[in-house]
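# Coordinate inspection notes
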Amino acid sequence: VVVGNHHKGLSEHAVGDLCHEWTMYVMLPEFQASKEMIEYVVYNVHPACSPDRYIKRPPKLELTKSSKETFSVNCTIHWNTLLGLQPTVVVHDLVFADIGGRTSTRVGVSARRLQFFA
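Along each chain, residue indices are assigned from 1 in the same order as the chain's sequence is written. This being a predicted model, a pLDDT of at least 70 is required before a residue's local features are given, and a value of 80 or more before pairs of side-chain atoms are given or counted; all residues contribute to the totals for chains, interfaces and linings. In computing side-chain values, all of the structure's heavy atoms are included and hydrogens and water are not.

## Digging into the overall build of the chain
Applied cut-off: Comment: elements are numbered from the N terminus, with helices defined as DSSP H or I runs of at least four residues and strands as E runs of at least two. For every residue, the accessible area (1.4 Å probe, protein chains only) is compared with the maximum for its type, and the residue is labelled buried under 20%, exposed over 50%, or partly exposed between those bounds. In this description, contact between two residues means that some pair of their heavy atoms is separated by no more than 4.5 Å. The accessible surface values rely on the Shrake-Rupley method and a 1.4 Å probe; as for residues, cover is taken only from the protein chains in view. In this tally Asp and Glu are treated as negative and Lys and Arg as positive; neither His nor the chain ends contributes. For this purpose, a charge sits on NZ of Lys, CZ of Arg, CG of Asp or CD of Glu.
Looking only at helices and strands, one finds 2 helices and 8 strands in the chain. In the chain, the succession of helices and strands from N to C terminus is β-β-α-β-β-β-β-β-β-α. Reported as C-alpha extents along the three principal axes, the dimensions of the chain are approximately 55 × 25 × 20 Å. Counting only residues that meet the buried cut, the chain has 38% of its 118 residues in that class. Intrachain contacts of the chain at a sequence separation of at least 6 include 54% that bridge at least 24 residues. Total accessible area on the chain stands at roughly 7200 Å², and carbon and sulfur atoms take up 50% of it. Taken as two groups, the 12 positive and 11 negative side-chain charges of the chain have centres that lie 9 Å from each other.

## Points about the side chain of histidine 78
Looking at where histidine 78 falls in the secondary structure, it is placed in strand E6 (residues 72-79). Given the relative accessible area of 19%, histidine 78 is considered buried. Not counting the four nearest positions on each side in its chain, histidine 78 is found in contact with Ile38, Glu39, Tyr40, Val42 and Pro87.

## Overview of the pairing of strand E7 (residues 88-93)
Moving residue by residue along a regular strand, the side chains alternate between the two faces of the sheet. To keep things clear, this is the line we draw: Any two strands with at least two DSSP bridges between them are considered paired.
Alternating residues of E7 divide into Thr88, Val90 and His92, all buried, and Val89, Val91 and Asp93, none buried. Bridge analysis of E6 against E7 gives 6 bridges, and the strand direction is antiparallel. Among the inter-strand pairings, cysteine 75 is bridged to a residue of E7, identified as valine 90.

## Some points on the sheet that holds strand E3 (residues 38-44)
Whenever strands of a sheet pair, they do so through backbone hydrogen bonds, lying parallel or antiparallel. Short version of the rule: Note on definitions: angles span 0 to 180 degrees between N-to-C directions of axes, and those axes are lines fitted to C-alpha atoms, for helices only across the stretch in contact.
One open sheet accounts for 4 strands, arranged E4-E3-E6-E7; its pairing is antiparallel. Two strands in the sheet have a free side with no partner beyond their single neighbour: strand E4 (53-56) and E7. Across the sheet, the mean angle separating the axes of adjacent strands is 20° when strand polarity is ignored.

## Quick notes on the packing of aromatic side chains
Inclusion rule: Aromatic contacts are taken between Phe, Tyr and Trp rings whose centres are within 6.5 Å, Trp giving its six-membered ring; a plane angle under 30 degrees counts as stacked, one over 60 as edge-to-face, and the others as tilted. Here, a charge over a ring is recorded when the distance from Lys NZ or Arg CZ to the ring centre is within 6 Å and its angle to the ring normal is within 35 degrees.
In this structure the tally under the stated criterion is 1 aromatic pair. Between tryptophan 22 and phenylalanine 71, the ring centres sit 5.9 Å apart and the planes meet at 80°, which makes this aromatic pair edge-to-face. A residue pair is termed long-range when its members are at least 10 positions apart, and tryptophan 22 in strand E2 (residues 17-27) and phenylalanine 71 in the loop between strand E5 (63-67) and E6 qualify at 49 residues. Exposure class is identical for tryptophan 22 and phenylalanine 71. Each is buried. Residue placement shows arginine 57 over the ring face of tyrosine 40; its charged tip is 4.7 Å from the ring centre.

## As for the environment of proline 29
Relative to the elements of secondary structure, proline 29 occurs in the loop between E2 and helix H1 (34-37). Judged by relative accessible area, proline 29 falls into the exposed class, the value being 56%.

## Re the nonpolar core
Defined as follows: Residues grouped as a nonpolar core are buried Ala, Val, Leu, Ile, Met, Phe, Trp, Tyr and Cys residues, joined through side-chain atoms within 4.5 Å.
Residues Val3, Met24, Val26, Ile38, Tyr43 and Ile77 are the most contacted members of the largest nonpolar core, which totals 25 residues. In terms of residue count, E6 provides more of this core than any other element does, 4 residues in total. Not counting chain neighbours up to four residues away, the residues in contact with valine 26 comprise Val1, Val2, Val3, Ile38, Val41, Tyr43, Cys75 and Ile77.

## Regarding the environment of glutamine 115
For glutamine 115, the location among the structural elements is in the segment after helix H2 (111-114). In this structure glutamine 115 comes out as exposed when scored by relative accessible area, which is 52%.

## Things to note about the environment of leucine 18
Along the chain, the position of leucine 18 falls in strand E2. Leucine 18 gets classed as partly exposed once you look at its relative accessible area, which sits at 47%. Along the backbone, leucine 18 and lysine 68 are 50 residues apart, and their C-alpha atoms lie at a distance of 6.9 Å.

These results come straight from atomic positions and should not be treated as a statement about function.
Printed below as a string of structure tokens:
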């Protein structure tokens, strides 16, 4: 599982108030049917943001926001019940660079359960 962010640069939200625009994403690099494998994703952003919790469902699992500073985003991936997996939590630190940043982790799934998504 790869959780990351794209950085879109600075924008002005109010006079003199510059913010970084960024988009969080979740992807399963080796699977074509990744959108069917994920039931929904919960993004918990900085508590100063309002709201600080967002739920995204396929086909659009991305979250676009803006902020002045970087912080950690807790991303909880809730899997399709056919996979028999508990939710996976990935903590990603926002990266405000041209290409953004990525955090990855391994999730073990039996080959028998993956056949439903072939």
